[in-house]
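Coordinates in review
Given next are the chains, with one letter for each unit.
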Number of protein chains: 2
Amino acid sequence: MTKHPIAMTFPPMTSFEGSQKIYVPGSVHPDVRVPMRAVALSDNKMPVLRLYDVTGPYTDAAVTTDVGKGLPRIRTSWIMGRGDVEASGRKVLAADGCHAKFAVIQEPLRARKGCVPTQMAYARRGMVTPEMEFVAIREGLAPDFVRREVAEGRAIIPANINHPEAEPMAIGRNFLTKINANIGNSALSSGIREELEKMLWSVRWGTDTVMDLSTGKDIHVTREWIIRNSPVPVGTVPIYQALEKVGGKVGDLCWEAYRDTLIEQCEQGVDYFTVHAGVLQAFLPLAKQRLTGIVSRGGAILAKWMQIHGQENFLYTHFEEICEILKLYDVAFSLGDGLRPGSTHDANDAAQFAELKVLGALTTQAWAHDVQVMIEGPGHVPLNKIKENMDLQLEHCHGAPFYTLGPLVIDMGAGFDHVTSAIGAALIGSLGTAMLCYVTPKEHLALPDREDVKEGIIVHKIAAHAADLAKGHPMAIVLNDAMSKARYEFRWEDQYRLTLDPERARRFREASLDNRQDPSARCCTMCGPDFCAMKITQEI
Amino acid sequence: MTKHPIAMTFPPMTSFEGSQKIYVPGSVHPDVRVPMRAVALSDNKMPVLRLYDVTGPYTDAAVTTDVGKGLPRIRTSWIMGRGDVEASGRKVLAADGCHAKFAVIQEPLRARKGCVPTQMAYARRGMVTPEMEFVAIREGLAPDFVRREVAEGRAIIPANINHPEAEPMAIGRNFLTKINANIGNSALSSGIREELEKMLWSVRWGTDTVMDLSTGKDIHVTREWIIRNSPVPVGTVPIYQALEKVGGKVGDLCWEAYRDTLIEQCEQGVDYFTVHAGVLQAFLPLAKQRLTGIVSRGGAILAKWMQIHGQENFLYTHFEEICEILKLYDVAFSLGDGLRPGSTHDANDAAQFAELKVLGALTTQAWAHDVQVMIEGPGHVPLNKIKENMDLQLEHCHGAPFYTLGPLVIDMGAGFDHVTSAIGAALIGSLGTAMLCYVTPKEHLALPDREDVKEGIIVHKIAAHAADLAKGHPMAIVLNDAMSKARYEFRWEDQYRLTLDPERARRFREASLDNRQDPSARCCTMCGPDFCAMKITQEI
């Protein structure tokens, strides 16, 4: 069989310098194998440091991957072994937009009648699933602690039964802070190959989840390529595809088109859905007083729909039915903040917080169905108003994980909004936000390309690490101290290995040295050999 | 006369898009002319926005500058008019390292006997100097407010009487947050031309002060080129040059060599000195327990000196004499934190805070001489320990301005430490730090080049703006809201003009458009024409 043309364009993903993929086996579930990145160091006291690794089989030299076939389905035996799912029988429809089939078709699963195959349902029944043990080993926690966090709604494990390729991970404030990378095309830009490449590239640089926000052509097929090849959970905003299905006319949106889209995406394997069910009719007048109105695409679409029909948001009125669908597949809610502020002027206003309260009520409703929930947050917020966001989210949303976009702490940083976002993200992360959605340098200007995606991921990984360090997470402290010790001991190779981008760190230093200089020298060109403070200190 | 070879290499500095240099005259002092950048906008309600401008005559199309001659001396008449200074009579010595004289020699001034020509002395006597009015207009404040802040030590106006080329500016927590760019060569890298170019480039991108941290060859001459051409205050760390004068041997350092260096630099026009007078013998055992020891170059040099001689830090024992020198020229202290933490592990430890208390006592001592003071701060500090730094600085240092290096909130960001620094800088700025020292992407790896300097400046200007917005500074709010309004109204040209790097913002957006697309379209490639939330909102 010849390779699919999309599949032929990807070079193998390279591993990081001095790193090796290892697997830590489970003890509750011996078939759990948790991948880690083992970094070799020239330090007698710590010859190897194990780091959290999201890159999946791509960085395992022993595994040959083929994007035309998709990743190995590591969770299938766990999912089938629980005996609570069956083939759904639904076929992909022409209306799904599927006019170029993925090479390997996977038969969709759904819950058997009366069963609820969600991690929350299992956790509440006292089961430590293989997914929970996987997370526990990744995070250095006890399996039952993970179970309790999921049972009580403080953490989610987004793990659709139709995405068995993904490695389980948790989003919650008592876990490592996670980041998300948004990918996806628009009507003006990009194609399947580019978006699949962005997903792989995002994973290479360490994103914990990806959201496919495609609104352009080939939405279904693009997503199929992404999900089948993604070792991390995939999120979407289903209203985008629903709108495409009704020809882009907001007035023609209806519950039936949305419901069909939900089922289609549930059966395809999306792990979490952004659902803007908290944008209510009553809040629209509040948003009209704003400097920048509504800046959430989903929020704006629903506001327009409500205005056209003079009816309440159909995602709100049909929320119970949405829960009934999501629970069949273990798709988690990411309750969208359709009224998030798009400028610091509008931050923390009545519209924003009115919606947040509704999201809290919807959380309770979803939990009654054992559906996992996280809450999306802003947006643009000045530093002095960030804490109030976290405080109110905890107060109104009963401890459900918070997932914020930035927030961007200023509005005039266009071209550098990855940094304006990372500043706010680090602060809100340190206060307890569980996942940080990245922003790239192109935000507000254009669709990001490959390099933008990388920059966005790295600065938000910095924000997440800063948050973890502030919260005193032992894994963050060990990594940070290992780096500082390597720095103080002039172990340059070890320093490169411990940074977020080893190639860049090496290039920065080595390009500055001329041929006569020894790359292992106990100095750099910043201070030269006589003015290095650390060297002088060690002479004392 | 042919141009000096160094002077021939500089292209004219370009102004920002759509901007014009204007001057606002003083009312107390009619010869005060405060430069501003007037940005033309396509907004009927605000056709022009005036922004703070540090670029000096370089961006005034009506002025021809020549780095071989230096900038116009705008302060000379003010300085001479006060009648409290006279020619110092000191000649540049061979020991100063001056083996390639600057083209135009300026005769050094110093205080007449019994006079104290410092802004603090004037302020305490109730005088509103032209420098104070200049600052007041720049910052949109009342002149007497500026005077009181300087009189009470909460702000400094670094303005050496021998640097009449500089435009007055203030550093204090009730003023706009400032940033500093470090330039200067090391023994391994760079020359005069490169460092002069970096200064001009730094000013182009908006730094409020520069520090020349040269430790390599030609320290005196490099500094001369920088000072004569700098429209912003210039700081140094005199112990670096003192060490060069004694052949690089720490044990040979002595008060006399240091004193001569101070006088030389005072007469050359340095506006503020980092003086590590708080690193005391008693604190060295505290630093020995650290993960990364002493990471301040000055701190390490003095620690070694104390160990060699078994004596107290000579900057501490001679502090009274240092004050007597600085007051003759109105050079401000930047009291150095020689024991700042070099890793998050060492943050907020006993060594750091012991030194901070001493800096507080030295502040009182300097103020008794009417010498202006700011206090340097860390360093590497995790987010959760930043506030304690600001709180203790205010407590121990009597309200003197705080000037921090970052702080970097994680240690393992090498290659991206401009961002790890900007995160901490934004937070500590929002809590009241008056000036943020930039960090570039090359930190910990190599001496920064031109592009690194620009990146470092822009991300720290973002941090400073974020801090100002959090503090509710009216100028920050006006700028931010103007940007958001332009964004909501799809005025792309105005958006570019209001960003920190208009060329970059324009390039990012326009490169993404194909030939058929109109650059003024009410959308970008992020969402395309049908999914733009702001456009949809406006249709409602």
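Everything discussed here concerns the structure shown above.
Residues numbered from 1 in each chain as written. Chains lettered and ligands numbered in written order. Predicted model: local features only at pLDDT ≥ 70, side-chain atom pairs only at ≥ 80, totals over all residues. Heavy atoms only, no water.

1. Quick notes on the overall build of chain A
For the record, the criterion: Put simply, DSSP H or I for four residues or longer makes a helix, DSSP E for two residues or longer makes a strand, and each gets a number counted from the N terminus. Our radius of gyration looks at C-alpha atoms and nothing else; its globule reference is 2.2 Å times the residue count to the power 0.38. For each residue, the accessible area found with a 1.4 Å probe, counting protein chains only, is set against the maximum for its type, and the residue is called buried under 20%, exposed over 50%, and partly exposed in between. Residue contacts are counted whenever heavy atoms from the two residues lie within 4.5 Å of one another.
Within chain A, the regular secondary structure consists of 20 helices and 15 strands. For 540 residues, the compact-globule estimate of 2.2 N^0.38 gives 24 Å, and the C-alpha radius of gyration of chain A, at 23 Å, lies within 12% of that figure. For chain A, the C-alpha atoms occupy an extent of roughly 75 × 55 × 45 Å along the three principal directions. Within chain A, the proportion of its 540 residues that are buried is 68%. For chain A, the proportion of contacts with a sequence separation of at least 24, taken over those separated by at least 6, is 74%.

2. Observations regarding the packing of helix H12 (residues 319–326) of chain B against helix H13 (residues 350–367) of chain B
Residues and elements named next belong to chain B. Worth spelling out the cut-off: Helix axes are fitted to C-alpha atoms over the stretch in contact, other axes to C-alpha atoms as well, and angles between N-to-C directions run from 0 to 180 degrees. To sort the angles, those under 35 degrees are grouped as roughly parallel, those over 145 as roughly antiparallel, those from 65 to 115 as roughly perpendicular, and the leftovers as oblique. In this scheme the crossing of two helices becomes right-handed for a clockwise turn of the near helix relative to the far one and left-handed for an anticlockwise turn of less than a right angle. Gly is put with the polar residues, along with every residue not named as nonpolar or charged; the nonpolar set is Ala, Val, Leu, Ile, Met, Phe, Trp, Tyr, Cys and Pro, and the charged set is Asp, Glu, Lys and Arg.
Interaxial distance between H12 and H13 falls to 10 Å at its minimum, and their mutual angle equals 45 degrees. In this view, H12 runs oblique relative to H13, as classed from their interaxial angle. Where H12 crosses over H13, the two elements pack in a sense that is right-handed. Residues Phe319, Glu320 and Cys323 of H12 pack against Leu362, Gln365 and Ala366 of H13. Among the residues making up the contact of H12 with H13, the classes are represented as four nonpolar, one polar and one charged.

3. Here we look at the sheet that holds strand E9 (residues 209–212) of chain A
All names here are of chain A. Condition: Between any two strands, at least two bridges found by DSSP are needed for them to pair.
Pairing is parallel around the closed barrel formed by eight strands, whose spatial order is E8-E9-E10-E11-E12-E13-E14-E15. Taken over all neighbouring pairs, the strand axes of this sheet differ in orientation by 25 degrees on average, direction set aside. Here strand E10 (residues 234–236) runs beside strand E11 (residues 272–275); their pairing, made up of two bridges, is parallel. The partner of glycine 235 across the bridge, within E11, is tyrosine 272. The strands that helix H13 (residues 350–367) touches are strand E12 (332–335) and strand E13 (373–377); relative to E13, the one it contacts most, it runs at about 165 degrees.

4. Some words on the sheet that holds strand E15 (residues 435–437) of chain B
Residues and elements named next belong to chain B. Pairing is parallel in the closed barrel, where eight strands are placed in the order E8-E9-E10-E11-E12-E13-E14-E15. Neighbour-to-neighbour, the strand axes of the sheet open up by a mean angle of 25 degrees, direction not taken into account. In this sheet, strand E10 (residues 234–236) lies alongside strand E9 (residues 209–212) in parallel orientation, the contact comprising three bridges. Bridging across to E10, methionine 211 finds its partner in glycine 235. Along the sheet, helix H8 (residues 255–268) makes contact with E10 and strand E11 (272–275), crossing E11 at roughly 160 degrees. Packed onto the sheet, helix H16 (residues 450–470) meets strand E8 (178–183) and E15 and runs at close to 160 degrees relative to E8.

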